[in-house]
Amino acid sequence: MKLATTVLGRTYQFKSLKEVLAKANEEKSGDQLAGIAAEDAKERIAAKLILSDLTLADLRNNPLLPPETDEVSRVIEEAVNEKIFGEIRNWSIAELREYLLRQDTDNDRIRRLSRGLTSEMVAAAAKLMSNLDLVQAAGKIEVVTHCNISIGQRGVLSGRAQPNHPTDSVPGIMASLYEALSYGIGDAVIGINPVIDSADSVKNILNATKEGMEKWNIPTQNCVLAHIKTQMKAIRQGAPADMVFQSLAGTEDGNRAFGIDVAMLDEADELVRREGTGTGPNLWYFETGQGSELSAEAHHGIDQVTLEARCYGLARKYKPFIVNTVVGFIGPEYLYDSKQVIRAGLEDHFMGKLQQLPMGVDVCYTNHMKADQNDMDNLAVLLAAAGVNYIIGAPMADDCMLNYQSTSYHDIATLRETMRLRPAPEFERWLNRMGIMENGKLTSQAGDPTLFL
Amino acid sequence: MNSSFQLEQFVDRVMAELEKKLADTLPPPMAERMEPMTPIDGETEIPTIKVPLPRWAEGLTELVESTPARIGVWRTGTRPLTKEMLKFRRDHAAAIDSIYGEANAALLERFGLFAVETRYENTENYLKRPDMGRIVTEAGVSMIRQSCKPQPQVQIVVSDGLSANAIDANLADVYPALLDSLDAYGLRAGTSFFVRGGRVAVMDQIGELLQPDAFVLLIGERPGLVSSKSMSAYICYRPRKGTVESDRTVISNIHSGGTPPVEAGAYIGTLVHKMLEQKTSGINLEM
């Protein structure tokens, strides 16, 4: 494995694959905080040049975190199709990038290829891609999933209704949900983040959303984003959950900090298949985000792009219905400003799609980050162009419980109209029946939440 | 599906058709026309309801009053109305301001809280280097050693975190209620103090220093648009070096529009009591 090169008259010698992968990243405050980022633009390019010549076999033969010591590595390693990997093992990362971008490389070819890739190879390709590369390559990949309805078809942009409330008040949650539905939002999921992580609270919210779905025959799925242990308890007590949720990290230690491991995910998987209310076969909702491993001091010196790709490698095992990176939530110490958030959003979407995940993105920022709503407008348009499966709908983009800003009900409706995208087909038929949408456009009564009183 | 529901749907559809025809022949719906400019006013603002022809006007008021979320805001085309968009921008400006504030010294004095600092240095650095906010300075450490009762049953620490406003707004209600609640359970608190520039995991270092059984950290949350004054309580059984996030129990959204501060104080006391009984916290705590 060649780890030295000369750029603009200076010779760079890197010590390890881990160092090359980290320094090949675009600038991120999280890599700087971890002390593993490139010193300057020249060193960054040197790392990218070296990476472009490494082969897929080099990456597989030099594990950053050996499968013997990390269960996320084991999950990723066990999923590799040896026959397909054998065909491409001598490709360089440059060739992988170029293959993905070729005109004759279509969705099916990428789907097959993806079974021979590890998450580290996917991350490596992302590091050599420009923002527009990431948009185009991801745009080729169609990942359709089914819980109670199908989403992810080409030309479809779905929305998660996120009607959170600062005290988990059920009437308050329902009011905000009615507003979402009246804008045509909620086909990805009706998903609530609870303030109180208790089985009773989860049960109440699942019951209320399920009743609303039954009363109005809404073709969608519900989910309460408590810790998986709490959801399991609620489901065992009879709560109607169409799918289960969990945040993931890209290392075993990171997951331990989240209070989970593969055994617990397996247990929840079995439970939701036996006692969940969703049709399936896709019954999981995962969230991820660059920086969570470092935040838990569980990063093992690995950069945040590679770790993020590993989250997707783990997620893939459970064939989820939806996955989203909460890209700007974690804070400026990992993604400092809008430039870094936009880059990370495009990277995450691409890396998830290349691992055949139904990727959505929470296009978002916190108030201590150098970003504002205009930046979110920009990223949302880029992702819609890249074929993102869904984005988040919060009332006027302001989540009054989680205290951050995302995209709004208005934004999703606007992206659909300007980018010629539609809600999920079954959901759109329901919107038509409710008089909220016609011929793919909102009607004059859309935006009135009292339609549901 | 019952027949009255089908009838309702049918009536709805006819109404929708009628409205659409009207909309097609008449000038644009009310709210899409220019409204007289009214100034965006101060702190206590009555939610404005903008939907021009709601199916049920009273019902709409009820919906809007049930949540601080920005609903009933209407639209022009698919975009927000101008005033609603500007209100959002104003609230974002307020949130940014609160990150750079300082906790009121008189308030800290009133509750006898002495102050120490972390190695955060300044706000910019605090934002970029959370690791610095987890370490109390050497001077702070010796002050804690000198002033605090070691091995208390319950250690309470207050920190500005990302919003000094949150401390100013809620401490006077939360803190006495918490002390009363602990008292009612027969629990004794050690010597409380204030940490400037703290992060949640600063409790692990203080836990090592003072060896408390239970730890309550009252800390300002990252400011949101609805409230820049929201406080969290992070509560942990024996926090020490190596404690992970899932070991901590958190009550977030403590402010007048979320979990009421006095109630929060009492509830924290109950949680501490349960933790000490079960000798655990976080996801392993049975609530």
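Rules used throughout
Within each chain, residue numbers correspond to sequence positions counted from 1 in written order. Whichever chain is written first is A, and whichever ligand is written first is 1; the rest continue in order. Confidence filtering applies because this is a predicted model: local features only for residues at pLDDT of at least 70, side-chain atom pairs given and counted only at 80 or more, and all residues used for totals across whole chains, interfaces and linings. Neither water nor hydrogens contribute to the side-chain values; these are computed over all heavy atoms in the structure. UniProt positions are given in the numbering used here, feature names are shortened, and annotations may be inferred rather than shown by experiment. Burial status follows relative accessibility: with a 1.4 Å probe on protein chains alone, a residue under 20% of its type maximum counts as buried, one over 50% as exposed, and anything between as partly exposed. In what follows, a contact means two residues having at least one pair of non-hydrogen atoms within 4.5 Å. Secondary structure follows DSSP: runs of H or I at least 4 residues long count as helices, runs of E at least 2 residues long count as strands, and numbering of each begins at the N terminus. Strands qualify as paired when DSSP identifies two bridges or more between them. Between N-to-C directions, angles cover 0 to 180 degrees, with each direction set by a line fitted to C-alpha atoms, over the stretch in contact for helices. What qualifies as a polar contact is a pair of N or O atoms within 3.5 Å, subject to a donor-acceptor requirement within protein and to the restriction that residues adjacent in sequence count only when both atoms come from side chains. Throughout, the edges of the domains are those of an automatic or database domain assignment. Defined here as a combined quantity, buried area equals the accessible surface (1.4 Å probe) lost by two parts on assembly, summed across both. Criterion for a salt bridge: a side-chain nitrogen of Lys or Arg within 4 Å of a carboxyl oxygen of Asp or Glu. Amino acid classes used here: Ala, Val, Leu, Ile, Met, Phe, Trp, Tyr, Cys and Pro are nonpolar; Asp, Glu, Lys and Arg are charged; the rest, including Gly, are polar. By convention the crossing between two helices is left-handed if the near helix lies anticlockwise of the far one by an angle smaller than a right angle, and right-handed if it lies clockwise. Note that a disulfide, as used here, is simply two cysteine sulfur atoms within 2.5 Å.

Draft legend 1. Geometry of the UniProt feature "binding site: adenosylcob(III)alamin" (unreviewed entry) in chain A. Taken from the UniProt record, the annotation "binding site: adenosylcob(III)alamin" (unreviewed entry) applies to P194, Q246, S295 and M401 of chain A. Judged by its relative accessible area of 11%, P194 of chain A is buried. Ignoring anything within four residues of it in the chain, the contact list for P194 of chain A reads D168, S201, I205, V224, L225, A226 and M401 of chain A. With respect to the helices and strands, M401 of chain A occurs in the loop between strand 13 (398-399) and strand 14 (404-405). The exposure class assigned to M401 of chain A is buried, which follows from its relative accessible area of 6%. In this structure M401 of chain A touches N164, H165, P166, N193, P194 and V195 of chain A together with N253 of chain B, once residues within four positions along its chain are discounted.

Draft legend 2. Quick peek at the sheet that holds strand 8 (residues 244-247) of chain A. All names here are of chain A. If you walk across this open sheet you meet the 8 strands as 7-6-5-12-11-10-9-8, and the pairing is parallel. Of all strands in the sheet, those bounded by a partner on one side alone are strand 7 (222-224) and strand 8. Averaged over all adjacent pairs, the angle separating strand axes in this sheet is 25°, with direction ignored. Those strands touched by helix 12 (residues 199-215) are strand 6 (189-192) and strand 7, and its axis lies near 165° from that of strand 7. Along the sheet, helix 17 (residues 304-316) makes contact with strand 9 (284-288), strand 10 (322-326) and strand 11 (359-362), crossing strand 9 at roughly 170°.

Draft legend 3. Fine view of the sheet that holds strand 2 (residues 154-159) of chain B. Residues and elements named next belong to chain B. Read from one edge to the other, the open sheet built from 6 strands follows the order 1-3-2-4-5-6, with strand pairing classed as mixed. Two strands lie at the open edges of the sheet, namely strand 1 (114-117) and strand 6 (248-254), each paired on one side alone. Pairwise comparison of adjacent strand axes, ignoring direction, gives a mean angle of 25° for this sheet. In this structure, strand 4 (residues 214-220) lies alongside strand 5 (residues 231-237), joined through 7 bridges in antiparallel fashion. Bridge assignment links L218 to a residue of strand 5, and that residue is A233. Helix 6 (residues 138-147) rests against strand 1 and strand 3 (193-196) of the sheet, and its axis sits at about 150° to strand 1. The strands touched by helix 7 (residues 164-184) are strand 2, strand 4, strand 5 and strand 6; relative to strand 2, the strand with the most contacts, the crossing angle is about 170°.

Draft legend 4. Region of the structure containing the side chain of N222 of chain A. Residues and elements named next belong to chain A. Tracing the backbone through its elements, the reader meets N222 in strand 7. A relative accessible area of 0% means that N222 is categorised as buried. Looking at N222, its side chain comes within polar contact range of the main-chain oxygen of P240, at 3.1 Å.

Draft legend 5. Representation of the domain arrangement of chain B within the structure. All names here are of chain B. Looking at chain B, the domain boundaries give domain 1 (3-99) and domain 2 (105-284). For the pair domain 1 and domain 2, the summed buried area comes to about 770 Å², and 67% of that belongs to carbon and sulfur atoms. Seen at the junction of domain 1 and domain 2, the total is 0 salt bridges. Summed over the shared surface of domain 1 and domain 2, the result is 0 residue pairs in polar contact (both at pLDDT 80 or more). Within the side of domain 1 that touches domain 2, the residues separate by chemical class into 4 nonpolar, 2 polar and 2 charged.

Draft legend 6. Representation of the interface of chain B and chain A within the structure. With 67 residues of chain B at the interface, the matching set in chain A holds 70 residues. On the surface where chain B and chain A come into contact, there are 5 salt bridges. With a closest N to O distance of 2.9 Å, D411 of chain A and R79 of chain B form a salt bridge. The interface formed by chain B and chain A holds 26 residue pairs in polar contact (both at pLDDT 80 or more) in total. Taken together, the elements giving at least two residues each to the side of chain B that touches chain A come down to helix 1 (3-25), helix 2 (57-65), helix 3 (82-99), helix 5 (123-128) and strand 6 of chain B. Classifying every residue of the side of chain B that touches chain A by side-chain character gives 30 nonpolar, 17 polar and 20 charged.

Draft legend 7. Broad picture of the packing of helix 7 of chain B against helix 9 (residues 261-278) of chain B. All names here are of chain B. It is the contact of helix 7 with helix 9, at a shortest axis distance of 7 Å, that shows an interaxial angle of 35°. Between helix 7 and helix 9 the crossing geometry is right-handed. For the pair helix 7 and helix 9, the contacting residues are N170, D173, V174, A177, L178, S181 and L182 in the first and P261, V262, G265, A266, I268, G269, T270 and V272 in the second. Residues belonging to the contact of helix 7 with helix 9 are distributed by class as follows: 9 nonpolar, 5 polar and 1 charged.

Draft legend 8. Local environment of the state of the cysteines. Residue and element names in this part refer to chain A. Counting across every chain of the model gives 0 disulfides over all chains. No disulfide involves C311; its sulfur sits 15 Å from the nearest other cysteine sulfur, which is in C364. C311 gets classed as buried once you look at its relative accessible area, which sits at 0%. Looking at the unpaired C400, the closest cysteine sulfur is the one in C364, lying at 15 Å.

Draft legend 9. Quick peek at the UniProt feature "binding site: adenosylcob(III)alamin" (unreviewed entry) in chain B. Here the UniProt feature "binding site: adenosylcob(III)alamin" (unreviewed entry) sits at V200 and E221 of chain B. Taken along the chain, the residues just named run across 22 residues; in space they keep tight, none of their C-alpha pairs more than 10.2 Å apart. Secondary-structure assignment places V200 of chain B in the loop between strand 3 and helix 8 (202-210). When neighbours within four sequence positions are excluded, V200 of chain B is seen to be in contact with L217, I219, Y234, E245 and R248 of chain B. Relative to the helices and strands, E221 of chain B is located in the loop between strand 4 and strand 5. You can call E221 of chain B buried: its relative accessible area is 11%. Filtering out sequence-adjacent residues up to four positions away, E221 of chain B remains in contact with N403 of chain A together with L162, S163, S230, M231, S232, S252, N253 and I254 of chain B. For E221 of chain B, the side chain forms a polar contact with the side chain of S232 of chain B, separated by 2.5 Å.

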